[in-house]
Amino acid sequence: MINNELRIGFVGFGEAGYHIAKGLRGRIRAGVLEQGTVNTLIKSGVGERLQQQGLVHHGIELSFSGRRHRINMHELTGGRAITVYGQTEVVKDLIKARLDANAALYFEVTDTSIHDFETHDPRILFRHNGQPHEIHCHFIAGCDGFHGICRPAIIGRLQVFERTYPFGWLGILAESTPPSEELIYCHHERGFALFSMRTPNITRLYIQCAPDDHIANWSDNRIWEELSTRLHAGGDLELKEGPILQKGITPMRSFVVEPMHWGKLFLAGDAAHIVPPTGAKGMNLAVADVRVLSRALATYYQSGQTELLDAYSATCLRRVWRAEYFSWWMTSLLHQFPDATPFHEKLQLAELEYVIHSRAAATALAESYSGLPFDI
Ligand code: DHB
């Protein structure tokens, strides 16, 4: 028999939610939303600020061998665009919607653990303000990020696919006009750089660095100089310096577990997979997982059918592996690998030339970057 009362226990919002709720300055996060992600957020009733403040982009630029080339995503994909809107803003909108609905939401919980998710009575235990809490639910959605507790609870049942990269990204958020209206991805002999933005006055910039590098090694001056060199600033582009609001170093890895579901526990987003950030896919994959899960749960509560829940992992993993491939490809194309030979460097440049000269190759990049349709 189906109990029509919806009972889903969410372990989630992760570190980002905590930092926002506390007004803390967390790690800097991604900011590129695919069209499908934007549509999902709007349909879910959390798209108002996104539609007012998001910056819609129809193309990106690739910079290599001292020249820049525009990939016209909009034209190559029959009208798709991406929207620049920070992940922290998305999380703020989700928290507000939850609070406006007077729905339960606990921050700063401790001693969290999940139990009995192989039975019909899964439970989530935690402490809040020192008091023990127990949530009985039908399903547990494990949306608690890469360092959360849900994946470790079933790790013995899972197959892990993993690759770490021999570099990291140093990212800054700065109060200055972005050098270009569109994102610029730079291949440079000193290493990759990315020029992005959050608003017309706030720029978001990244440089490839060593994976074990320390932020203390990077004075503001050194960061601006390195960015300027990798952008070839001074030609038709100007890199305006401004106060650096945040800076941090992020390691790079590819990681997937299979399956993404065990018993009544469903993993979603970074709890199940990580992509290197070069393809801007991390947050988009998380939204796509949750979309698949919410439809499967809605079908179950409406009709008692479990087919979509049973297919959850396989459905999500098709998109996840596509995104893993694309993110690996963009990363391999644009970064300097410490063990690369001159042969490898020539291959990178040959591939970049192909992408800008072949409409087919540019279309492949544009399609993956702007996002696969949601029925895939
Ligand atoms: C941003 C981050 C990315 O990883 C990326 O590929 C593009 C943009 C950003 O933070 O703006």
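Above this text you will find the structure in question.
Note that the coordinates shown come from a computational prediction; the quantities given were computed from them, not determined experimentally.

Side note on the site of the ligand
The local shell around the ligand holds 15 residues, among which Tyr185, Ser196, Arg198, Tyr206 and Pro277 are the closest. Contact between the ligand and Ser196: an oxygen atom at 2.6 Å from a side-chain N or O atom of the residue. Pro277 has a polar backbone atom sitting 2.6 Å from an oxygen atom of the ligand. A total of 290 Å² of accessible area belongs to the ligand in isolation, and the protein chains cover 99% of it. Of all the secondary structure elements, the ones that give two or more residues to the shell around the ligand are β13 (193-199) and β14 (202-209). If you tally residues by element for the shell around the ligand, the top one is β13, at three residues. Of the residues belonging to the shell around the ligand, the class tally is nine nonpolar, three polar and three charged.

Focus on the pattern of salt bridges
This model, assessed by the stated rule, comprises 18 salt bridges. Glu182 is the partner of Arg70 in a salt bridge, and the nearest nitrogen-oxygen pair spans 2.8 Å. Note that Arg70 is positioned in strand β5 (residues 67-71) and Glu182 in the loop between β11 (159-175) and β12 (184-186), a separation of 112 residues in sequence. Residue Glu182 is classed as buried on the basis of its relative accessible area, which comes to 14%. Put simply, Glu162 and Arg253 hold a salt bridge, and the shortest N to O gap is 3.6 Å. In this pair, Glu162 is assigned in strand β11 and Arg253 in strand β15 (residues 244-258), connecting sequence segments 91 residues apart. Among the residues examined, Glu162 registers a relative accessible area of 48% and is labelled partly exposed. Under the relative-accessibility criterion, Arg253 is labelled partly exposed at 26%. Salt bridges linked by common partners bring Arg49, Glu89, Lys92 and Asp93 together as one network.

Topic: the sheet that holds β13
As summarised here, the arrangement of the eight strands in space is β5-β4-β12-β13-β14-β11-β15-β18, forming an open sheet in which the pairing is mixed. The sheet is open, and its two edges are formed by β5 and β18 (273-274), each paired on a single side. Set on the sheet, helix α10 (residues 312-334) makes contact with β11, β12, β15 and β18; between it and β15 the angle comes to about 125 degrees.

Cut-offs applied
- Residues numbered from 1 in each chain as written.
- Predicted model: local features only at pLDDT ≥ 70, side-chain atom pairs only at ≥ 80, totals over all residues.
- Heavy atoms only, no water.
- Near = heavy atom within 4 Å.
- Polar contact = N/O pair within 3.5 Å; in protein donor to acceptor, adjacent residues only side chain to side chain.
- Areas by Shrake-Rupley, 256 points an atom, 1.4 Å probe, with all protein chains shown as cover.
- Helix = DSSP H or I, 4+ residues; strand = E, 2+ residues; numbered from the N terminus.
- Nonpolar A, V, L, I, M, F, W, Y, C, P; charged D, E, K, R; others polar.
- Salt bridge = Lys/Arg side-chain N within 4 Å of Asp/Glu carboxyl O.
- Buried < 20%, exposed > 50% of the residue type's maximum accessible area, 1.4 Å probe, protein only.
- Pairing = 2+ DSSP bridges.
- Contact = heavy atoms within 4.5 Å.
- Axes fitted to C-alpha atoms, helices over the stretch in contact; angles between N-to-C directions.

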